[in-house]
Amino acid sequence: MASLMSPPLPFSLSLSLLCLLLCAPVPAAHARWGAAHTDLAPPLDPLSPVHELTSATFNDSLASAPAPWALVEFYAHWCGACKHYKPHYERVARLFNGPDAVHAGEVYLARVDCANNVNQDLCTRFAVQYYPTLLWASPPTLARGDRVTKAEELDELKNAHSAEKLLERISERVSKVYSLSDVITKDAMEAGSIPTREIVQMAASIHDTEEATATAFKIILDEKLLNSDSRGPLVRYLQLLVVHHPSKRCRKGVAELLVNMADLWSEGEPSIEILSDYHVCGKSSPANFWVSCRGDNRGYNCGLWLLFHSLSVRVSDSESKDSFLAIRGFVAHFFKCEECRAHFLEMSSSVMDSIKTRRDLVMWLWKAHNEVNKRLAKEELEFGKGNSQPPRTEWPTKHLCSDCISGTSVLEPVWNEDAVYKFLTNWYGPSLQRSAKAGPKGDNEISSSGNSTVKGAFIGILISSSGFGLLAWWWRKQQKKRKDKRRRL
């Protein structure tokens, strides 16, 4: 008998069939039947992490949503598949909704009950054909949009029939790695340790600093931006990286390149082919994969800003001016976007003489980054760009640093700069450094195993105080001593 029985349907297919057979929207002819079900609708659960919206609250709630992305579930309270899906959706919502959520302020999750008569126009506006329907977009797009005239701006999440699958779909769209195990435990909070959300974001960030460093080096070579004028700025920028890059393998890889620079590029044009053999952040970088930055793999993205910030919090007061000039020189010689380069150089020229301490450098980069975001947000609004991307906002947000912002205005926040500086130095400094232990394996991976014992800081000091010919001579001498010692043994 068992062999004659049909195998059970997969869960995802079963759920889809339930949605199609049992959860189609109520036809207009059956409006009174729908109203009867509305009367039987369960009361709203005050403990649910999902924001329950109606036609009256939908636009305003999304327009003011404290997140760059939003996900709305259109459901019917009488739908069996929706009832089954509810705990899955709420499990994911707990990661994002509420001030104590692990990833608060990153995605806004809401739902609309299409079986409620007051929401029928709203569900028609978004062309809901079955339940549950999951629509993804930036909050402003959902607040002002529909699926009739602007369908291309909305993304329907499919194959998201479980909490695990839904979180995968969200991770794909924001280019980050989320997990249902991302929680802030009571013990961790009482012990004052870094919340899991910060550990996850810091681990993501250190990967992106590596990706940004390797990508920048690749762009410089691919675009043939090296010449006699750019050699000095490149060397100064690499000196900064070899001493203060947050990634150990990037410090090692850059040190290897620097100690051989005299031989690789003594005069004239450098050999792009030879330089391409140097993997400044390990052989696996760049991987064309971004975790906390949404890169398009065609140029610089927010990963470069992330790298600049992480460098700024690591320099000493006496190094701040040289570090500022190194970053400025990098932009001046290796940015192909003429408008971006001109704007950055214009901003930085006005503070040339005022960068005297680490705080000066950290705070200027923060202000410059926010100014760029404001300018780009205005341009995107004027020219209709970025509708499918999250709106650019000033940073840090209040949910990340409640002491950083005074007042309630989001458009023009009043900053507590002492709190901002404290937040930035921790966010890009010790927290990022600690997260390196949880990052990708292979910290010792550089292009030449013979140089794996280089001490980044020591090499950096030598670079700062010696000519490159002398440094290369010293390095070759040390290597020869090691070889002679091995032979004697």
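Basis of the calculations
- Residues numbered from 1 in each chain as written.
- Predicted model: local features only at pLDDT ≥ 70, side-chain atom pairs only at ≥ 80, totals over all residues.
- Heavy atoms only, no water.
- Helix = DSSP H or I, 4+ residues; strand = E, 2+ residues; numbered from the N terminus.
- Buried < 20%, exposed > 50% of the residue type's maximum accessible area, 1.4 Å probe, protein only.
- Contact = heavy atoms within 4.5 Å.
- Areas by Shrake-Rupley, 256 points an atom, 1.4 Å probe, with all protein chains shown as cover.
- pLDDT = per-residue confidence, 0-100.
- Axes fitted to C-alpha atoms, helices over the stretch in contact; angles between N-to-C directions.
- Parallel < 35°, antiparallel > 145°, perpendicular 65-115°, else oblique.
- Left-handed = near helix turned anticlockwise from the far one by under 90°.
- Phe/Tyr/Trp six-rings, centres within 6.5 Å; stacked < 30°, edge-to-face > 60°.
- Lys NZ or Arg CZ within 6 Å of the ring centre and 35° of its normal.
- Pairing = 2+ DSSP bridges.
- Expected span 1.5 Å × (residues − 1).
- Nonpolar A, V, L, I, M, F, W, Y, C, P; charged D, E, K, R; others polar.
- Core = buried A, V, L, I, M, F, W, Y, C linked by side-chain atoms within 4.5 Å.
- Disulfide = S-S within 2.5 Å.
- Salt bridge = Lys/Arg side-chain N within 4 Å of Asp/Glu carboxyl O.

In this section: the overall build of the protein. For the protein, the count of helices and strands is 21 helices and seven strands. Expressed as a percentage of the 489 residues in the protein, the buried residues total 46%. Contacts in the protein between residues far apart in sequence, at least 24 positions, make up 71% of those at least 6 positions apart. Approximately 25,000 Å² of the protein is accessible, and the part contributed by carbon and sulfur atoms is 55%.

Turning our attention to the confidence of the model for the protein. Here the protein averages 75 in pLDDT, while 66% of its residues score no lower than 70. Every residue in residues 185-200 scores below 50 in pLDDT, and together they form 23 contacts with partners more than four places removed in sequence or on other chains.

Our next topic: the packing of helix H15 (residues 320-334) against helix H16 (residues 338-349). Look at H15 against H16: their axes get within 9 Å of each other, and the N-to-C directions meet at 155 degrees. Taken together, the axes of H15 and H16 are roughly antiparallel relative to one another. Read as a crossing pair, H15 and H16 show a hand that is left-handed. On H16, the residues touching Phe324, Ile327, Arg328, Val331 and Ala332 of H15 are Arg341, Phe344, Leu345, Ser348 and Ser349.

For the rest of this paragraph, the subject is the packing of aromatic side chains. Here the structure, examined in full by the defined rule, presents 18 aromatic pairs. Relative to tryptophan 427, the ring of phenylalanine 423 has its centre 5.3 Å away and its plane inclined at 25 degrees; by these criteria the two rings are stacked. Taken as a pair, phenylalanine 423 and tryptophan 427 lie in helix H18 (residues 417-427) at a separation of four residues, close to a single helical turn. Per residue, the accessibility class of phenylalanine 423 equals that of tryptophan 427, and both read buried. Among the aromatic residues, those joined into a cluster by ring pairs are Tyr237, Trp305, Phe308, Phe324, Phe330, Phe334, Phe344 and Trp364. Positioned over the ring face of tyrosine 75 is arginine 111, at 5.5 Å from the centre of the ring.

Taking strand neighbours across the sheet as the criterion, the five strands line up as S1-S3-S2-S4-S5 in an open arrangement whose pairing is mixed. Strand pairing shows two members of the sheet lacking a second neighbour, strand S1 (51-53) and strand S5 (155-156), which therefore form its edges. Pairing of strand S4 (residues 133-137) with S5 involves two bridges; the strand directions are antiparallel. Its bridge partner lying in S5, leucine 135 is registered against glutamate 156.

Turning to the pairing of S4, a few remarks are in order. Burial analysis of S4 places five of its five residues in the buried class, the great majority of the element. Along S4, one buried face is formed by Thr133, Leu135 and Ala137 and the opposite face, lined by Leu134 and Trp136, is buried too. The pairing of strand S2 (residues 69-75) with S4 spans five bridges and is classified as antiparallel. Bridge pairing in S4 links leucine 71 to tryptophan 136.

Compared with an ideal rise of 1.5 Å per residue, which puts 14 residues at 20 Å, helix H10 (residues 231-244) spans 20 Å between its outermost C-alpha atoms and is within 8% of the ideal. By the criterion of burial, H10 is predominantly enclosed, with ten of the 14 residues buried.

It is the contact of H10 with helix H14 (residues 302-312), at a shortest axis distance of 10 Å, that shows an interaxial angle of 65 degrees. The orientation of H10 with respect to H14, classified from their angle, is roughly perpendicular. Between H10 and H14 lies a crossing whose hand is left-handed. Contacts from Tyr237, Leu240, Leu241 and His244 of H10 reach H14 at Leu304, Leu307, Phe308, Ser310 and Leu311. Across the contact of H10 with H14, the residue classes tally to seven nonpolar, two polar and no charged.

Moving on, we get to the nonpolar core. Grouped together as the largest cluster of nonpolar side chains are 47 residues, with contacts concentrated most on Leu226, Leu238, Leu257, Phe308, Phe330 and Trp364. Secondary-structure elements contributing two or more residues to this core are helix H9 (196-222), H10, helix H11 (248-259), helix H12 (261-264), H14, H15, H16 and helix H17 (358-383).

Let us look at the state of the cysteines. Two cysteines, two sulfur atoms, one covalent bond between them: this is a disulfide. According to the stated counting rule, one finds four disulfides in the structure shown. Disulfide pairing places cysteine 250 opposite cysteine 281 at an S-S distance of 2.0 Å. Residues cysteine 250 and cysteine 281 share a disulfide whose torsion about the S-S bond is about 120 degrees; that sign makes it right-handed. Separated by 31 residues along the polypeptide, cysteine 250 in helix H11 and cysteine 281 in the loop between helix H13 (272-275) and H14 bring together distant segments of the chain. For the pair cysteine 250 and cysteine 281, one class covers both residues: buried. Note on cysteine connectivity: cysteine 337 is disulfide-linked to cysteine 340, with sulfurs 2.4 Å apart. Judged by the torsion about the S-S bond (65 degrees), the cysteine 337/cysteine 340 disulfide is right-handed. Classification of cysteine 337 as partly exposed rests on a relative accessible area of 34%. The exposure class assigned to cysteine 340 is partly exposed, which follows from its relative accessible area of 33%.

One pass over the structure, following the stated rule, counts 14 salt bridges. Its salt-bridge partner being aspartate 222, residue lysine 218 comes within 2.6 Å of it at the nearest N-O pair. With lysine 218 and aspartate 222 both in helix H9, this residue pair falls four residues apart, about one helical turn. One network of salt bridges, in which partners are shared, links Asp155, Lys165, Glu168, Arg169, Glu172 and Arg173.

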